[in-house]
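# Summary of the model geometry
Read off the chains here:
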Amino acid sequence: MGHCSLSNNQLYIHSSGEVYTCSFLQNKPEHVLGHIGKESLQEIWNSRSRLDFLESHNKGNPGHYCQKHQQDFLCHKISNQRYFNEDGNLKRLDIMLDSACNLKCIMCTNIYDRTGGLKSEFFWLNNKEVFSSIQEIELVGGEPLISPYFPRLVNLVHDLNPQCRWFATTNAHFDLKGEIVSSLLKANFESLSISIDSLKKSVFEKIRVRSTFEKVYENVFAIKRLISNIQINTVVQLDNFEELIPIYRWTQEHDLRFYPILLQYPDTYSLKHLDDRIKKKWIMGVMEENEDLKSKDIFFFIKKFLAVDSVRTDPEIKMSYLRQLEILGKLYG
């Protein structure tokens, strides 16, 4: 099992109010560290349950779920861990503001009835020490930017700690005005991730049910005028896998970062259901194109895909991947 530094410096707050080490452990009762309606974040950080998890993790035995997620998602290698070390200080909060969302994406696995944890005034009144020193906050949902807790949290943290770095993932399907704009400008956003799963209206709206492609597309560029560092997240699945390279090229054309995500759960929409001949032709084509593009993000996507898919044993794919490693492994490791 690879070493993950999240447990040294992060807490994840679920929309129910339950606190975990990271989002991959949410809804696993045995990994609940505390509840924001009953304990302060500092108390949870110093709790026996968190310290026991940290000890087992650092000994290389954190339990089944961590091992599985590291294998499936390479979650221990996420880029944000560059901020972490083993000094034992709470530096980062990953917060699911609300499980509610304005869209109903076909691959979404959120449990929408587990929400309301941030209604507790205990949370807002008893964590100023943490908010004053925290270095990084990431917001997820549901849709975090339409949550009433978004402006409240921004205002609170900004007054105590304006240098805190902010990140968020959004579907950008809202009217860009009022408190949303004010909060986006007030928070010190280092990066904002916007979900774009297709550049084709019909495919986009099939995946992101209740969405309007034009609204999201226009908001990408409107938000970019407010926050310079925009990342496009693409969940690669059965309906859009052939757009991996076109979406990457589009992001480069518009000075946007690109982060492809391999859908594995729910597996109804995963690439495992493709015929192996189709998968082989596709991933060979992706590797061939990336020899010229030299994209770090596509390179790591290829690594993730071949780590979990059966076509990795194909001799031609092995040879192509070895060329990929020779060309890009020297650049990105």
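Everything discussed here concerns the structure shown above.
Please read these numbers as outputs of a predicted model, since none were measured by experiment.

What follows concerns the overall build of the protein chain. Scanning the protein chain from terminus to terminus reveals 14 helices and 11 strands. By principal-axis analysis of the C-alpha atoms, the protein chain measures approximately 60 × 50 × 35 Å. Relative to its full complement of 333 residues, the protein chain shows a buried share of 52%. Partitioning the contacts of the protein chain with sequence separation of at least 6, the portion at a separation of at least 24 is 73%.

Attention shifts here to the nonpolar core. Counting 49 residues, the largest nonpolar core has Leu93, Ile137, Leu153 and Trp166 as the members making the most contacts within it. No other element matches the 6 residues that helix α7 (residues 149-160) contributes to this core. Excluding residues that lie within four positions of it along the chain, Ile137 makes contacts with Leu93, Ile95, Leu153, Val157, Cys164, Arg165, Trp166 and Phe167.

What follows deals with the environment of Lys206. By the secondary structure assignment, Lys206 is in helix α9 (residues 201-207). Leaving out residues up to four positions away in the same chain, Lys206 has contacts with Ile106 and Asp239.

Attention shifts here to the packing of helix α11 (residues 244-253) against helix α12 (residues 276-293). Axis separation between α11 and α12 bottoms out at 10 Å; the angle between their running directions is 25 degrees. Judged by the inter-axis angle, α11 sits roughly parallel to α12. Side by side, α11 and α12 meet where Leu244, Ile245, Tyr248 and Arg249 of the first sit next to Trp282, Val286, Glu289 and Leu293 of the second. Here the contact of α11 with α12 is composed, by residue class, of 6 nonpolar, no polar and 2 charged.

Let us now look at the pattern of salt bridges. Pairing is possible between side chains of opposite charge, provided their charged atoms come close. Tallying each qualifying case throughout the model produces 21 salt bridges. Across the pair Arg114 and Glu18 runs a salt bridge whose closest N-O atoms are separated by 2.7 Å. Remark: Glu18 occurs in strand β2 (residues 18-20) and Arg114 occurs in the loop between β5 (104-105) and α5 (121-125); sequence separation between them is 96 residues. Taking the shortest distance from any N to any O, the salt bridge between Glu289 and Arg249 comes out at 2.8 Å. Placement of the pair is Glu289 in helix α12 and Arg249 in helix α11, with a sequence separation of 40 residues.

Another aspect to go through is helix α13 (residues 296-308). Look at α13: 19 Å from first C-alpha to last across 13 residues, which is about the 18 Å you get at 1.5 Å a residue. Capping of α13 at its N-terminal end is provided by Ser295; its side-chain oxygen lies 3.3 Å from the backbone amide nitrogen of Asp297.

Moving on to the sheet that holds strand β10 (residues 230-236). With mixed pairing, 9 strands are arranged side by side in an open sheet as β3-β2-β1-β4-β6-β7-β8-β10-β11. Both edges of this open sheet fall to β3 (34-35) and β11 (257-262), since each of them pairs with a single strand only. Pairing of strand β8 (residues 189-195) with β10, which is carried by 4 bridges, proceeds in the parallel orientation. Counterpart to Ser193 in the pairing with β10 is Gln231. Sheet contacts for helix α10 (residues 213-224): β8 and β10; angle to β8, the most-contacted strand, approximately 170 degrees. Across the sheet, α11 is in contact with β10 and β11; its angle to β11 comes to roughly 160 degrees.

The subject of this paragraph is the pairing of β10. Of all 7 residues in β10, 7 are buried, a share of seventy percent or more. Burial along β10 is two-sided: Ile230, Ile232, Thr234 and Val236 facing one way and Gln231, Asn233 and Val235 facing the other are all buried. Alignment of β10 against β11, held across 6 bridges, turns out to be parallel. Bridging across to β11, Val235 finds its partner in Ile261.

What follows deals with α7. An ideal rise of 1.5 Å per residue puts 16 Å on 12 residues; α7 measures up with 17 Å between its terminal C-alpha atoms. Those residues of α7 not exposed but buried are Tyr149, Phe150, Pro151, Leu153, Val154, Leu156 and Val157.

Analysis parameters
Residues numbered from 1 in each chain as written. Predicted model: local features only at pLDDT ≥ 70, side-chain atom pairs only at ≥ 80, totals over all residues. Heavy atoms only, no water. Helix = DSSP H or I, 4+ residues; strand = E, 2+ residues; numbered from the N terminus. Buried < 20%, exposed > 50% of the residue type's maximum accessible area, 1.4 Å probe, protein only. Contact = heavy atoms within 4.5 Å. Core = buried A, V, L, I, M, F, W, Y, C linked by side-chain atoms within 4.5 Å. Axes fitted to C-alpha atoms, helices over the stretch in contact; angles between N-to-C directions. Parallel < 35°, antiparallel > 145°, perpendicular 65-115°, else oblique. Nonpolar A, V, L, I, M, F, W, Y, C, P; charged D, E, K, R; others polar. Salt bridge = Lys/Arg side-chain N within 4 Å of Asp/Glu carboxyl O. Expected span 1.5 Å × (residues − 1). Polar contact = N/O pair within 3.5 Å; in protein donor to acceptor, adjacent residues only side chain to side chain. Pairing = 2+ DSSP bridges.

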